[in-house]
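Tertiary structure, described
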Amino acid sequence: MSVNQEFSKHAHKYQQLNQIQAEVAKKLIASMPICKPKKILDLGCGSGAIYKLIDWEIEKFVGVDFSSNMLSLHPEAQNVTCKLGDFNDAKLFEELREEEFDYIISASALQWAADLDRVFSDIAKFDLPFSLAIFSSGTFATLNKTAGVDSIIPSYETLKELAEKSLHAKCLIGISVEKISYTLEFENTREMLRYIKRSGVSGGRNLLTYKQTKKLMDEYPLNYLEFEVVYINSFSKA
Ligand SMILES: C[S@@+](CC[C@H](N)C(=O)[O-])C[C@H]1O[C@@H](n2cnc3c(N)ncnc32)[C@H](O)[C@@H]1O
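Owing to the predicted nature of the structure, the values given are computational and were not obtained by experimental measurement.

Calculation criteria
- Residues numbered from 1 in each chain as written.
- Predicted model: local features only at pLDDT ≥ 70, side-chain atom pairs only at ≥ 80, totals over all residues.
- Heavy atoms only, no water.
- Phe/Tyr/Trp six-rings, centres within 6.5 Å; stacked < 30°, edge-to-face > 60°.
- Helix = DSSP H or I, 4+ residues; strand = E, 2+ residues; numbered from the N terminus.
- Buried < 20%, exposed > 50% of the residue type's maximum accessible area, 1.4 Å probe, protein only.
- Lys NZ or Arg CZ within 6 Å of the ring centre and 35° of its normal.
- Pairing = 2+ DSSP bridges.
- Right-handed = clockwise from strand over helix to strand, strands pointing away.
- Axes fitted to C-alpha atoms, helices over the stretch in contact; angles between N-to-C directions.
- Contact = heavy atoms within 4.5 Å.

Description of the packing of aromatic side chains
According to the stated counting rule, one finds six aromatic pairs in the structure shown. Ring centres of F101 and F126 lie 6.5 Å apart, and the angle between their planes is 70°; this geometry places the pair in the edge-to-face category. In this pair, F101 sits in the loop between α6 (90-97) and β4 (103-107) while F126 sits in the loop between α7 (116-124) and β5 (130-135), placing the two residues 25 residues apart along the sequence. The pair formed by F101 and F126 is uniform in burial state, with each residue classed as buried. A ring pair is formed by F186 and Y195, whose centres lie 5.3 Å apart and whose planes are at 55°; its orientation type is tilted. When sorted by exposure, F186 lands in the same class as Y195, which is buried. Here K27 stacks its cationic end above the ring of Y231, 4.9 Å away from the centre of that ring. The lysine or arginine in question, K60, covers the ring of F101, its NZ or CZ lying 4.6 Å from the ring centre.

Here it is as structure tokens:
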């Protein structure tokens, strides 16, 4: 199953199951160094977690997502555009750069970029301040280790390196990169695996074989899942 199919399939349950992503969106909004931008671009907007947290007046909000099911849950308003688009497609950014924005935001989405270096370079070309929260490979670290599989999302080190190379160097601004870990407790491993299946957080990877699942059920040593999120914020050098 592709990332798109995975998010589309679970879209209706997303808001109940994604406590960590909700926290991430809150922190991202709270950490925005430039207060109260008026024209916002949200990459991978999903069902509108970021838009719903905006408590100041804005002129324009463009949310981009490649899952029409997720977009159908996004709040509508006269100044809101929900745009069906894939951030793996460089043409999307060419179109978006023809519009006027004053801030770029992305919460819990860019870990699914096929070529993050290119996406960062495309973001840098707007020459705008940005706040990005990206899940990194410490997410499900013990689960992956117990099951004997590798993470499919980038590591903190890779994100930091790419951000410094492609976001930092090309913008007239600096960046801060911060890693934060979260945990989510479960009554038992079965509940935990059910959560992974229903929440869309596996990004479409048919996670485990029967044998790997059995190994996890027998050997997973924690009563919680681990999440790791990298926050990348721009700031003015002046
Ligand atoms: C975990 S959800 C986060 C949604 C929202 N930003 C939030 O904080 O709740 C990730 C979103 O990214 C979208 N997404 C993943 N890959 C994408 C891509 N290549 N282009 C556009 N959207 C994508 C998914 O459809 C999903 O809505």
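Here the narrative resumes.
Some points on the pairing of β4
A large share of β4 lies buried, amounting to five of its five residues. Of the two faces of β4, the one lined by Y103, I105 and A107 and the one lined by I104 and S106 are each fully buried. Sheet topology note: the strand β1 (residues 39-43)/β4 ladder contains three bridges and is parallel. Bridge pairing in β4 places L41 opposite I104. Bridge count for β4 against β5 is four bridges, and the pairing is parallel. Within β5, the position partnered with I105 by the bridge is S131.

As for unusual backbone geometry
Residues other than glycine seldom take positive phi values, yet S108 does so here, at roughly 60°. Relative to the helices and strands, S108 is located in the loop between β4 and α7.

Brief notes about the pairing of β5
The element β5 is largely enclosed, with a buried count of six among its six residues. The side-chain alternation of β5 yields two buried faces, one formed by F130, L132 and I134 and the other by S131, A133 and F135. Between the parallel pair β4 and β5, the chain is carried across by α7, and the sense of this crossover is right-handed. Pairing analysis gives five bridges linking β5 to strand β7 (residues 224-235), with the strands arranged antiparallel. Its bridge partner being in β7, I134 is matched across the sheet by V230.

Overview of the sheet that holds β4
The strand order β3-β2-β1-β4-β5-β7-β6 describes an open sheet built from seven strands, whose pairing is mixed. Strands at the two margins of the open sheet, each flanked by one partner only, are β3 (80-84) and β6 (174-185). Each neighbouring strand pair of the sheet contributes to a mean axis angle of 20°, computed without reference to strand direction. Across the sheet, helix α9 (residues 156-168) touches β5, β6 and β7, and the angle it forms with β6 is around 155°. This element, helix α10 (residues 189-199), spans β6 and β7 of the sheet and lies at about 40° to β7.

Side note on the environment of E59
The topology assignment puts E59 in the loop between α4 (49-53) and β2 (60-65). Separated by 21 residues in the primary sequence, E59 and V80 place their C-alpha atoms 8.8 Å from one another. Ignoring any residue separated from it by four or fewer positions in sequence, one finds E59 in contact with K38, K39 and N79.

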